Structures are given as structure tokens and as C-alpha cells.
Amino acid sequence: MVDPLPMEEPTPVRISDKYPAAASLIRKWESVNQSGKPHLTPYKDYDGESYVAGYGRTIHSDNKDIPWTNEQSEEDLDVQMLEGLEDISRLEKELPEGILFTELEREALIPFIKNVGYKNLIGTEAVKALRKGDKERFAFELFDAEQGFTKGTNEEGDKVVLGGLVTRRGEEGALFFREYNTGGMVSRNPYPHNIRPI
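Residues numbered from 1 in each chain as written. Predicted model: local features only at pLDDT ≥ 70, side-chain atom pairs only at ≥ 80, totals over all residues. Heavy atoms only, no water.

## Brief notes about the overall build of the protein
Put simply, the rule is: Counting from the N terminus, the helices are DSSP H or I runs at least four residues long and the strands are E runs at least two residues long. Each residue gets one of three labels from its accessible area relative to the maximum for its type: buried under 20%, exposed over 50%, partly exposed in between, using a 1.4 Å probe on protein chains only. The contact criterion used is simple: two residues touch if any of their non-hydrogen atoms lie within 4.5 Å. Only the protein chains shown count as cover for residues, with accessible areas throughout obtained via the Shrake-Rupley method and a probe of 1.4 Å.
Counting its secondary structure elements, the protein contains seven helices and five strands. Of the regular secondary structure in the protein, the N- to C-terminal order runs α-α-β-β-β-α-α-α-α-β-β-α. Residues counted as buried form 42% of the 198 residues belonging to the protein. If you take every contact in the protein between residues at least 6 apart in sequence, the share linking residues at least 24 apart comes to 55%. Carbon and sulfur atoms form 52% of the exposed surface of the protein, whose accessible area is close to 12100 Å².

## Describing the pattern of salt bridges
Test applied: What makes a salt bridge here is a side-chain nitrogen of Lys or Arg within 4 Å of a carboxyl oxygen of Asp or Glu, nothing more.
Applying the stated criterion across every chain yields a total of 15 salt bridges. Between R131 and E94 there is a salt bridge; the shortest N-O distance is 2.7 Å. With R131 in helix α5 (residues 125-131) and E94 in the loop between α3 (70-92) and α4 (103-116), this pair connects stretches of sequence that are 37 residues apart. Assessed through its relative accessible area of 46%, R131 is described here as partly exposed. Two residues, E125 and K128, come together in a salt bridge whose shortest N-O distance is 3.2 Å. Of the two residues, E125 and K128 are both situated in helix α5; the distance of three residues between them amounts to about one turn of the helix. Residue class for E125 comes out partly exposed when judged on its relative accessible area of 45%.

## Some points on the sheet that holds strand β3 (residues 57-59)
Picture the strands of a sheet paired through backbone hydrogen bonds; they go either parallel or antiparallel. Under the convention used in this document: Should DSSP find at least two bridges between two strands, the strands are regarded as paired. Inter-axis angles, ranging from 0 to 180 degrees, are taken between N-to-C directions of lines fitted to C-alpha atoms, where helices are fitted over the stretch in contact.
Judged by pairing direction, the sheet is antiparallel, and its three strands sit side by side in the order β1-β2-β3 without closing on themselves. In the strand order of this sheet, the two ends are held by β1 (39-44) and β3, each with one partner. Strand-to-strand twist in this sheet, taken as the mean axis angle between neighbours without regard to direction, amounts to 30 degrees. Sheet topology places strand β2 (residues 51-54) next to β3; three bridges connect them, and they run antiparallel. Note on β3: the bridge partner recorded for Y51 is I59.

## Focus: the pairing of β1
Alignment of β1 against β2, held across three bridges, turns out to be antiparallel. The residue of β2 that forms the bridge with K44 is Y51. In textbook terms, the turn of a hairpin is the stretch between consecutive antiparallel strands, and for β1 and β2 this stretch comprises six residues, one of which, G48, has a positive phi near 80 degrees.

## Here we look at unusual backbone geometry
One non-glycine residue with positive phi stands out, namely N33, at about 50 degrees. Along the chain, the position of N33 falls in the loop between α2 (20-29) and β1. Under the relative-accessibility criterion, N33 is labelled exposed at 73%. Residues other than glycine seldom take positive phi values, yet Q34 does so here, at roughly 55 degrees. In this fold, Q34 is placed in the loop between α2 and β1.

## Details of the environment of S73
Its location among the elements puts S73 in helix α3. With a relative accessible area of 0%, S73 lands in the buried category. Once the C-alpha coordinates of S73 and L40 are considered, the two residues, 33 residues apart in sequence, prove to be 7.9 Å apart. The residues contacting S73, other than those within four sequence positions of it, are P38, L40, G54, Y55 and W68.

Spelled out as C-alpha cells, the structure:
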């Protein structure tokens, strides 16, 4: 009788490997000076109250003096992406029956949700468009340079369009619509969400 070969445990697939473009966007926009390197030393966030470490993880102020590692940051990136996917599944329930997000749309929404937060979408024009099944209008409401989630507060307390958010939303929007871009030259459109082949 021949001994059976030992069964190898399958290597678990990391969320960041399954959605590499989303992971790349998060690593870029939530890293030290957009270097792709995580914040290993926690820093005070722009709100002046919370602290951030790794790839944009808000941490309790009691942990502000505890350095992070690259491995911890990568593991937490997967946790954050999984949390984002859970929020996207909740958002998907707003779509009419039979309509779902495509894999690329889900991938584009992961870094968006990570940055903006699911709660900030509730009651918006974007969700109203989603309920009608209008994904194009939904994307416009998210990613458009002027209409989308591109505003922040300046030092005077006024809401203003921030160049960094315009660029980030443009990259997320390009990913959202990537499967619809079939090749050819891409027009230079002032609305980053609507990059289209010519």
C-alpha cells in the first residue's frame, strides 16, 4: 500500500492581492508623502484630536507612542479593505434587484469608502442615484472634481475643493470605469470620473 501524499494547507488569499489596484491606491494616498510606505510612527490627524498609523488607521490616543511595523501595516490594510467590502455590500443593497457592482466597481469603491466612510454617503444624491440603478450618476456624485467628495475645510473654516482629493477621486473614478474603456486614446476630460475612449 502506498502512503498518500500529505495535504498542503492552501495559502490564504489576501484581500490586497485579490484587489491589487485598490490596495495600490490606499498605499499611495494613505502613506508617508504618497511614497507607498506606511506611517510607522503614529501622527496627529488634521482634526487635531485623533492619531493615525499604518495606511490611514485611526488609533486611540493611548497608543500614539507605540510604533507600527510594516507587517502590521500590511495586515491592517487587509482588515481595512475587508471592512470596506462589507460597507460596499451594504451599499449594493441600495441598487434595484438584479443589479450589482462589477468587480472593478467594487475595487474602485474600496479606497473611496476607506477615505470617505460609509456613513457620509447616507442620504446623499449618490445613494439616490444608486436606488434608481443609475451607476453613472452615482459615480459622478462620488468622483466629479467639483460635485464629488473633493471638498475639505481650509484654515478659515470654509469648505473648499482640495487638489489632492480631486486627483484621488479621479484615480478612483478611472478605476470604476476602467472596464468600460475599451482602448484607444483617452480624452482629456475636465471631469475625472468620465474618462472615455475616443
